[in-house]
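# Structural description and commentary
Residues per chain, in single letters:
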Amino acid sequence: MRIGTTLAYGGGFKEAAAGLRDLEAAGVEIAFVAEAYSFDAVSQLGYLAGATDRMHLASAILPIYTRTPSLLAMTAAGLDYVSDGRFTLGLGASGPQVVEGFHGVPYDAPIARTREIVDICRRVWSREAVVYQGEHYELPLPAGRGTGLGKPLKLINHPVRDRVPIMLAAIGPKNVRLAAEIAEGWLPIFLHPGRLRQVWGPSLDAGAAARDPSLGPLDIVATMPLAIGDDVGHLLDRARPQLALYIGGMGAQGKNFYNDLARRYGYEREAALIQDLYLSGRKSEAEAAVPGDLLRATSLIGPKEYVAERVAELAECGITTVSVKPLAEDSAGRIAAIERLRDLMP
């Protein structure tokens, strides 16, 4: 199981990037850069490619609606080139509030679009002249939908790899099945290892049954805050704002995928309460309503022996990458936390 870390997209990117070489030396093998309605992830990933030597880099995630399939493929090939083959293309659907609200693009058919985008990307990377007739994407564009002057083109450059790894962010049953079928990696959010099989087992099994063996084993990523020590229990509360935001505020009532996930975990009453409180502006109360059990399950916070048990649990349920955010006040503390975690890895 490898160690990763996720860089914040809301601020402090350069400061976080400055410490990546030290984290790389301490044992971090992959860094994830998110993209919401913030600075784009691509420019920051290019910055990191020049700031690191061995560490793998991944977008987490590029929304599928904001770039054409060919541009996604070009971007991935470019980032793989400047990083000497260290890039993973993380894709996801995001949500209608961001896609329609910030980008002004209809949020439709996320699963079908994702499948077609992955197919087109792999054709671009193989440097074939791309001809594609899908339900949502057609290349070249036919005369009835354009000038009729489009022609099949292939990527000018020779990519470092003809298959850049793809990681899909997914939490819905059909999306997770798709990830297990067509992607090299799967990135869920606030993964609860004790309920992974209960919630996603059938989807993972169905996807695996249709998976091309050439893709290799599915890389499953768990993202968690990290603190190891005898006096760190209070740091669990730092995870409350993000969980409350996603469960309560990332979507309207009846259209919040993260709220749905909390319900599927078994927190139906708590999920409804958190959403009601958050959407009514009572954010601190929504944070207080996040169940302690969910906080503990989605974190690596506690004494060394406890964290060792959690790491073993993650490995047992199939997690292959744990991406952590060390809850330390300075670079030395973050490095020490990574080194402690590295010593606990199976």
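The name given to the protein chain in an unreviewed UniProt entry is Probable F420-dependent oxidoreductase, Rv3520c family, with the source organism recorded as Nonomuraea solani.

Now for the domain arrangement of the protein chain. The domain architecture assigned to the protein chain consists of domain 1 (2-232 + 300-344) and domain 2 (233-299). Here the C-alpha centroids of domain 1 and domain 2 sit 23 Å apart. Taken together, the contacts link 30 residues of domain 1 with 27 residues of domain 2. Both faces considered, domain 1 and domain 2 share a buried interface measuring about 2,400 Å² in area, 60% of it formed by carbon and sulfur atoms. When residues of domain 1 are sorted by the area they lose upon contact with domain 2, Ile171, Phe190 and His192 head the list and together hold 26% of the total. At the surface where domain 1 touches domain 2, the tally comes to 2 salt bridges. A salt bridge links Asp293 to Arg195; the nearest nitrogen and oxygen atoms lie 3.6 Å apart. Remark: the boundary between domain 1 and domain 2 carries 14 residue pairs in polar contact (both at pLDDT 80 or more). Mapped by element, the contributors of at least two residues to the side of domain 1 that touches domain 2 are helix H5 (96-101), helix H8 (196-209), strand S10 (219-228), strand S11 (300-302) and helix H14 (304-316).

Another aspect to go through is the pairing of strand S3 (residues 56-59). In this sheet, S3 lies alongside strand S2 (residues 28-33) in parallel orientation, the contact comprising 4 bridges. Note on S3: the bridge partner recorded for Val33 is Ser59. Considered for its hand, the β-α-β crossover made up of S2, helix H3 (residues 41-51) and S3 is right-handed. Of the strand pairs in this sheet, S3 and strand S5 (residues 87-92) are connected by 2 bridges, and their pairing is parallel. The residue bridging Ala58 from the neighbouring strand is Thr88, located in S5.

A separate point is the UniProt feature "domain: Luciferase-like" (unreviewed entry) in the protein chain. The sites that carry the UniProt feature "domain: Luciferase-like" (unreviewed entry) are, in the present numbering, residues 4-320. A helix fraction of 44% and a strand fraction of 15% characterise residues 4-320, whose end C-alpha atoms lie 10 Å from each other.

Glancing now at the pairing of S10. Counting buried positions along S10 gives 9 out of 10 residues, so the element sits mostly inside the fold. Sheet topology note: the strand S9 (residues 185-187)/S10 ladder contains 2 bridges and is parallel. Paired with Gly185 across the bridge in S10 is Asp219. Crossover handedness for the path S9 to H8 to S10: right-handed. Pairing of S10 with strand S12 (residues 321-326), which is carried by 6 bridges, proceeds in the parallel orientation. From the neighbouring strand, Leu226 faces S12, where its bridge partner is Pro326.

Here we take up the nonpolar core. In terms of nonpolar packing, the biggest core is built from 103 residues, with Leu89, Leu91, Trp125, Trp186, Trp200, Leu300 and Leu341 touching the most fellow members. Split by domain, this core shows at least three residues from each of two domains, domain 1 (2-232 + 300-344) and domain 2 (233-299). Setting aside its immediate chain neighbours within four residues, Trp200 contacts Ile171, Val176, Trp186, Pro188, Leu191, Leu261, Arg264 and Tyr265. The next biggest cluster of nonpolar side chains, apart from the first, holds 8 residues, and it includes Ile30, Phe32, Ala58 and Ile61.

This part takes up H14. The end-to-end C-alpha distance of H14, which contains 13 residues, comes to 18 Å, matching closely the 18 Å that a straight helix rising 1.5 Å per residue would cover. Turning to H14, its buried residues are Val307, Arg310, Val311 and Leu314. The buried residues of H14 occupy an angular sector of 100 degrees when projected down its axis, which confines them to one face. Facing away from the buried surface of H14 by more than 90 degrees, the exposed residues are Glu305, Glu309 and Glu316. Those residues of H14 that are buried are in contact with S10, helix H13 (292-297), S11, S12 and helix H15 (331-344). Just downstream of H14 lies Gly318, where phi reads positive at about 100 degrees.

What counts, and at which threshold
- Residues numbered from 1 in each chain as written.
- Predicted model: local features only at pLDDT ≥ 70, side-chain atom pairs only at ≥ 80, totals over all residues.
- Heavy atoms only, no water.
- Domains from an automatic or database assignment.
- Contact = heavy atoms within 4.5 Å.
- Buried area = accessible area lost by both parts, 1.4 Å probe.
- Salt bridge = Lys/Arg side-chain N within 4 Å of Asp/Glu carboxyl O.
- Polar contact = N/O pair within 3.5 Å; in protein donor to acceptor, adjacent residues only side chain to side chain.
- Helix = DSSP H or I, 4+ residues; strand = E, 2+ residues; numbered from the N terminus.
- Pairing = 2+ DSSP bridges.
- Right-handed = clockwise from strand over helix to strand, strands pointing away.
- UniProt positions renumbered as here; feature names shortened; annotations may be inferred.
- Buried < 20%, exposed > 50% of the residue type's maximum accessible area, 1.4 Å probe, protein only.
- Core = buried A, V, L, I, M, F, W, Y, C linked by side-chain atoms within 4.5 Å.
- Expected span 1.5 Å × (residues − 1).
- Arc of directions from axis to C-beta.

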